[in-house]
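Structure at a glance
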Amino acid sequence: MSDTAHNAEGLPPTGTARRDQVRDYYAAAAEAPREELCCPTAYRPEQLGHIPPEVLSISYGCGSPMLRARPGAGETVVDLGSGGGIDCFVAARMVGEQGRVIGVDMTDVMLARARGAAQTVAENLGYSVVEFREGFLERIPVDDARAHLVTSNCVLNLSADKPAVFREIHRVLRDGGRFVISDIVSESPVPESMQADPRLWGECISGAVTERAFVEMAEAAGLYGITLARERQWREVGGVRFWSTTFQGYRLNPGAECVWRGQTAVYLGPAAALSDDDGHTFRRGEVVEVCSDTAARLSRPPYAGMFALGGVDTGDDVGKVPGDESREASGDGCCPTTPGCC
Ligand SMILES: C[S@@+](CC[C@H](N)C(=O)[O-])C[C@H]1O[C@@H](n2cnc3c(N)ncnc32)[C@H](O)[C@@H]1O
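Residues numbered from 1 in each chain as written. Predicted model: local features only at pLDDT ≥ 70, side-chain atom pairs only at ≥ 80, totals over all residues.

1. Some details on the confidence of the model for the chain
Model confidence for the chain is summarised by a mean pLDDT of 86, while 86% of its residues fall at 70 or above. A low-confidence stretch, residues 314–342 (pLDDT under 50), is modelled with 61 contacts involving residues beyond four sequence positions or located in other chains. (pLDDT = per-residue confidence, 0-100. Contact = placed C-beta atoms within 7 Å.)

So this is what it looks like as structure tokens:
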């Protein structure tokens, strides 16, 4: 970000104006539920039973990110644009009393509604692990490398500075952490005339980008192994089709070293070949010698199960779960001089 082009909050001027419009829109939607913004989530009734109905009535998501993310016991989850708090409260039950859930939102009224409901949720669960912080997606009020999981439900489309949001997601994720984001995407770029319409911005239409643009921004921020699940057609406006899609990806720091130990990987299909985000191409059924860092990456999501991994595993770092603090991160990638790897 260039400082000169940004205001005291670190946001570009156009972003500030847009954000103020969005905040007004969602302040009103927090006061008076807007049915046309609501969408059916796929959460099961037993996953929602501990949540007060007033939260559900101001649930404005377009997916059910916690169903895909499945936060585990003890994990720290950061939910961006938490609104009335539905996804935070679903996560609270999943992470249990050793976990932590941080909802971030910029709209006072939404935060007040969510904080009010948090008390009831804590009583119903028997423990309190959810907090709501006031802040922006473009400057997430969470320290570096704290989150096992970053989620968001129908919010990134509302940001006028999406590359900044992805950089922030990368910053707050731990090594090996993942993001799961449900959002609205457009099948083709949204025309400028539609982008100027504040109501369509509020309705999660005008700020939408294509799936490809979304993935490119995430990759530019250093996020890895991105998958997308196009779930349902949302609307068609001005001749453009909009979809609800859930994106998933990872932060994986480069290994401290990439050592050749005779490890091998065989891609099992179903495609004829797979190219990973590090530029390796694996043809189906071909035995490829890989270094320790690549072997470790291929053994974990999103590649877990796609490869038969073989060879000697004598090293400390092979198979170690990223995020393990004992695994040192290096900033400059792995084994630059060894052919066949990196
Ligand atoms: C469509 S609602 C979704 C709320 C919630 N995720 C849900 O599923 O009910 C969007 C929410 O994101 C918040 N929001 C939008 N842009 C934001 C930004 N740049 N920074 C922080 N919060 C933002 C709004 O205040 C609003 O509460």
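Having put the structure on the table, let's press on.
2. Considering the nonpolar core
Nonpolar side chains in soluble globular proteins tend to end up buried together. Ranked by size, the top nonpolar core spans 69 residues in total, and within it Val78, Phe89, Ala92, Val101 and Val150 carry the most contacts. The element that contributes the greatest number of residues to this core is helix 5 (residues 86–95), accounting for 7 residues. Once residues within four sequence positions are removed from consideration, Val101 is found in contact with Val77, Asp79, Cys88, Ala91, Ala92, Val95, Val129 and Val130. Core analysis: the second largest hydrophobic core is formed by 10 residues, Ala265, Ala295, Leu298 and Phe307 among them. (Core = buried A, V, L, I, M, F, W, Y, C linked by C-beta atoms within 7 Å. Buried ≥ 20, exposed ≤ 12 C-beta atoms within 10 Å, placed from the backbone. Helix = DSSP H or I, 4+ residues; strand = E, 2+ residues; numbered from the N terminus.)

3. A word on the site of the ligand
Near the ligand lie 26 residues; those nearest to it are Gly61, Gly81, Gly83, Met106 and Thr107. No other element matches helix 1 (residues 13–31), which puts 4 residues into the shell around the ligand. Of the residues that constitute the shell around the ligand, the class distribution is 12 nonpolar, 9 polar and 5 charged. (Near = placed C-beta within 6 Å. Nonpolar A, V, L, I, M, F, W, Y, C, P; charged D, E, K, R; others polar.)

4. Points about helix 7 (residues 162–172)
Among the 11 residues in helix 7, 8 count as buried, and that is most of the element. Each element contacted by the buried residues of helix 7 is listed here: strand 1 (76–80), strand 4 (147–153), strand 5 (173–186) and helix 10 (211–220).

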